[in-house]
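# Structure at a glance
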Amino acid sequence: MGESRASGAAGPAGTLLTTSAELSVLLTAVRRGRVLTVTGRFREPRSLLVRDIARRLASNFCDGSAVIAVRRDGSVRELVDALGCLPGMPFLPCGTANAASWLAERDMLLVLDDCDRLAPRTLEWLRALLTVAPGLRVLAAGRSPLAVGQGRVHRL
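Summarised in this report is the structure supplied together with it.

Rules used in this analysis
- One numbering rule holds for all chains: residues counted from 1, following each sequence as written.
- This being a predicted model, a pLDDT of at least 70 is required before a residue's local features are given, and a value of 80 or more before pairs of side-chain atoms are given or counted; all residues contribute to the totals for chains, interfaces and linings.
- Based on all heavy atoms of the structure, the side-chain values leave hydrogens and waters out of the count.
- Working definition: a ring pair exists when centres of Phe, Tyr or Trp rings (six-membered ring for Trp) sit within 6.5 Å. Plane angles under 30 degrees give stacked, over 60 give edge-to-face, the rest tilted.
- The rule for a charge over a ring is simple: NZ of Lys or CZ of Arg within 6 Å of the ring centre, and within 35 degrees of the ring normal.
- Side-chain atoms within 4.5 Å link the members of a nonpolar core, which is a set of buried Ala, Val, Leu, Ile, Met, Phe, Trp, Tyr and Cys residues.
- The cut-offs for exposure are 20% and 50% of the maximum accessible area for each residue type, with area from a 1.4 Å probe on protein chains only; residues under the lower value are buried, those over the upper are exposed, and the others partly exposed.
- Pairs of residues are marked as contacts when any of their non-hydrogen atoms sit within 4.5 Å.
- Numbering of helices and strands starts at the N terminus; helices are DSSP runs of H or I of at least 4 residues and strands are runs of E of at least 2.
- Paired strands are those between which DSSP finds at least two bridges.
- Axes here refer to lines fitted to C-alpha atoms; in helices the fit is confined to the stretch in contact. Angles between the N-to-C directions go from 0 to 180 degrees.
- Orientation is classified from the angle alone, with under 35 degrees giving roughly parallel, over 145 giving roughly antiparallel, 65 to 115 giving roughly perpendicular, and any other angle giving oblique.
- Residues are grouped as follows: Ala, Val, Leu, Ile, Met, Phe, Trp, Tyr, Cys and Pro are nonpolar; Asp, Glu, Lys and Arg are charged; all remaining types, including Gly, are polar.

Glancing now at the packing of aromatic side chains. Considering all chains together, one arrives at 0 aromatic pairs under this definition. A cation sits over an aromatic face here: Arg 106 above Trp 102, 4.0 Å from the ring centre.

Here it is in structure tokens:
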């Protein structure tokens, strides 16, 4: 079986511990499902895997994929600010008053790296967002599953 290779913004290329068959299952799960969380004890393998999946699937979504590394307080404001400032992506301008209505019209993959830092209000916002945004898919990486409703979990 082959290996998945990751490269890009996270740093130098690394080898992931995912076989080709596992990667194929994950790619299909993201395309067909609404929420997929990659869990595991160590941050780097999770991060490499979700970034690799986002890179591979970006062309499957009209609006591409947006990778957000949750860094500060995990607030809704942090997510909206990060979306508004991604280079080269057709995202909302910084300061848009209603990000949920803007995202409701998108066909995109939203990747949340280090989702354990998300605030409870942000999780509520994501739950509401998933109900109004049929074209939105969420791929998250964290120690525990993203608590936004029914979704698949892949443990590393």
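Attention now goes to the nonpolar core. Membership of the largest hydrophobic core comes to 27 residues, with the highest contact counts inside it found for Leu 110, Leu 112, Leu 118, Trp 125 and Leu 146. Beyond its immediate stretch of four places on either side in the chain, Trp 125 contacts Val 76, Leu 79, Val 80, Ala 99, Ala 100 and Leu 103.

Another point: the pairing of strand 3 (residues 35-39). Here strand 3 lies mainly inside the structure; 5 of its 5 residues are buried. Side chains Val 35, Thr 37 and Thr 39 project from strand 3 onto one buried face, and the interleaved Leu 36 and Val 38 project onto a second face that is buried too. Two elements, strand 3 and strand 6 (residues 136-142), share 5 bridges in a ladder whose sense is parallel. Paired with Leu 36 across the bridge in strand 6 is Leu 139.

Turning next to the packing of helix 3 (residues 76-84) against helix 5 (residues 120-132). Packed helix pairs are specified by the crossing angle of their axes together with the interaxial distance, meaning the distance between the axes. Axis separation between helix 3 and helix 5 bottoms out at 8 Å; the angle between their running directions is 60°. Relative to helix 5, helix 3 is oriented oblique. The residues of helix 5 that touch helix 3, namely those facing Val 76, Leu 79 and Val 80, are Arg 121, Thr 122 and Trp 125. Each residue belonging to the contact of helix 3 with helix 5 can be placed in one class, and the counts come to 4 nonpolar, 1 polar and 1 charged.

All quantities given are derived from atomic positions and should not be read as evidence of function.
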